[in-house]
Amino acid sequence: MKQVTLNHIHEGLGAKMVPFAGFSMPVQYEGVNAEHETVRNGVGVFDVSHMGIFKISGPNALPLIQKVTSNDASTLVDGKAQYCYFPNEKGGVIDDIITYRINENEYLMVVNASNIDKDWTWINQHNDVNATLENLSDGYSILAIQGPKAVEAMQSLTSVNLTDLKFYNFTIDTFAGAKDVVISATGYTGSGGFEIYAKNEDIEMIWNKVFEAGANWGIKPIGLAARDTLRLEMGYCLYGNELNDEISPLEAGLGWVTKFTKDFISADILKAQKEAGLQNKLVGFELVEKGIPRHDYEIVDATGAVIGKVTSGTMSPSLGKGIGMGYVTLAHAAEGSTIYIRIRKNDVEAKVVKTPFYKK
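Residues numbered from 1 in each chain as written. Predicted model: local features only at pLDDT ≥ 70, side-chain atom pairs only at ≥ 80, totals over all residues. Heavy atoms only, no water.

A.B. asks: What is the right way to read the overall build of the chain from this model?
C.D. replies: Helices and strands together make up the secondary structure of the chain, namely eight helices and 20 strands. For 360 residues, the compact-globule formula gives about 21 Å, and the C-alpha radius of gyration of the chain, at 21 Å, lands near that figure. The C-alpha extent of the chain, read off along each of the three principal axes, is 60 × 50 × 40 Å. If you take every contact in the chain between residues at least 6 apart in sequence, the share linking residues at least 24 apart comes to 65%. For the chain, the exposed surface amounts to about 15200 Å²; the carbon and sulfur share of it is 49%. (Helix = DSSP H or I, 4+ residues; strand = E, 2+ residues; numbered from the N terminus. Rg over C-alpha atoms; globule rule 2.2 N^0.38 Å. Contact = heavy atoms within 4.5 Å. Areas by Shrake-Rupley, 256 points an atom, 1.4 Å probe, with all protein chains shown as cover.)

Put into structure tokens, the structure is as follows:
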């Protein structure tokens, strides 16, 4: 079991540690609901150092990225990031990732922790243009400082105007006394804030200064359980739940980051899927009756016939009701459709709704 650099701090704070993607990670500190509310209303800090970071550089960096990712990275400018995915050779998803353009010959990719080895093998396997690849994952730590008070609480730690850092933009500067820190507005909670990528040797100093600076704003450490409820309230996909090697990214609603204006791995397969018409669709739903939907629960129609499966579900801390996402047949995917979630032996009524579930 790997440990993140700040493992001793999380244990010292009394975090409940669990195995996650090969790492021992803090799942919660004081409780999921309290931590969730801290991020929605104030400022909280997640240690997400288990995630992977690849550097792609050289004159052929962009051609390689264009080949292996679904989105059009040629539209990126310096300091801009882009959400996309690696398609596999059969029209599924190897991983969903974020690409950052530092300059025309230098890019970063942030990948999911559970897929680091798989992604690294994949991108090297397809590097027939001799781009320079570096796996920085073991040398860097990542903190997500999230919430509506994050910018105000952290401004004293950097000369960068954090208010001007728009969503999916980033800069590289000094932060909390550490040089060459990536400061990125690419958080996954829907409550504002930013993420920082720093060398392992700097991260404990940064953590301590972040908590000193945020003390007047009630800053708290937040575990991965609240990260999951926060992302689900936003309707964001999670790899292993909504996305995997078998699921079509088009059925997952990722057509907006699938650009057929360029050539990429499996573009022809995905184009054929689109033209043939999709069989299933990822939808959001809210329970009309009491209950908590969970991953892999069956979704049924009024007759009890199975029409799909829940991919993510929880009791929403912000809304006080059961919410979830899942794949259903196209006939039941329209907003407002009545569906039923099979919870144990009961079919609990739910409505298909537009995401995000949580609106500020």
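Picking up after the structure, the text goes on.
A.B. asks: Which parts of the structure should I look at to understand the pairing of strand S18 (residues 322–329)?
C.D. replies: Taken residue by residue, a regular strand's side chains alternate between the two faces of the sheet. The element S18 is largely enclosed, with a buried count of seven among its eight residues. Between the antiparallel neighbours strand S17 (residues 306–315) and S18 lie six residues, among them Gly320 with a positive phi of about 70°. (Buried < 20%, exposed > 50% of the residue type's maximum accessible area, 1.4 Å probe, protein only. Pairing = 2+ DSSP bridges.)

A.B. asks: What's the story with the nonpolar core in this structure? I'm lost.
C.D. replies: If you look at soluble globular proteins, the nonpolar side chains tend to sit buried side by side. The biggest cluster of nonpolar side chains holds 45 residues, and the ones touching the most others in it are Tyr83 and Tyr100. Counting residues per element, the ones that place at least two in this core are strand S3 (23–28), strand S6 (80–87), strand S7 (93–103), strand S8 (106–111), strand S10 (140–146), helix H7 (224–233), helix H8 (267–276) and S18. At four residues, H7 tops the list of elements feeding residues into this core. Shared between two domains, this core holds at least three residues of each, these being domain 1 (2–51 + 138–233) and domain 2 (52–135). Contacts of Tyr100, omitting those with residues within four sequence positions, involve Lys80, Ala81, Glu106, Tyr107, Leu108, Val110, Phe170, Ser184, Thr186, Glu195 and Tyr197. (Core = buried A, V, L, I, M, F, W, Y, C linked by side-chain atoms within 4.5 Å. Domains from an automatic or database assignment.)

A.B. asks: What's the story with the sheet that holds strand S2 (residues 16–20) in this structure? I'm lost.
C.D. replies: Backbone hydrogen bonds hold the strands of a sheet together, and the pairing may be parallel or antiparallel. Reading across from one edge, S1-S3-S2 is the order of the three strands in this open sheet, with mixed pairing throughout. On the outer flanks of this sheet lie strand S1 (2–3) and S2, each paired with one strand and no other.

A.B. asks: I'm lost on the environment of Ile265 in this one. Help?
C.D. replies: Mapped onto the secondary structure, Ile265 falls in the loop between H7 and H8. For Ile265, a relative accessible area of 11% corresponds to the buried category. As a C-alpha pair, Ile265 and Phe86 span 179 residues in sequence and 8.3 Å in three-dimensional space. Residues contacting Ile265, with those up to four places away along its chain left out, are Lys67, Val68, Pro87, Asn88, Glu89, Trp122 and His126.

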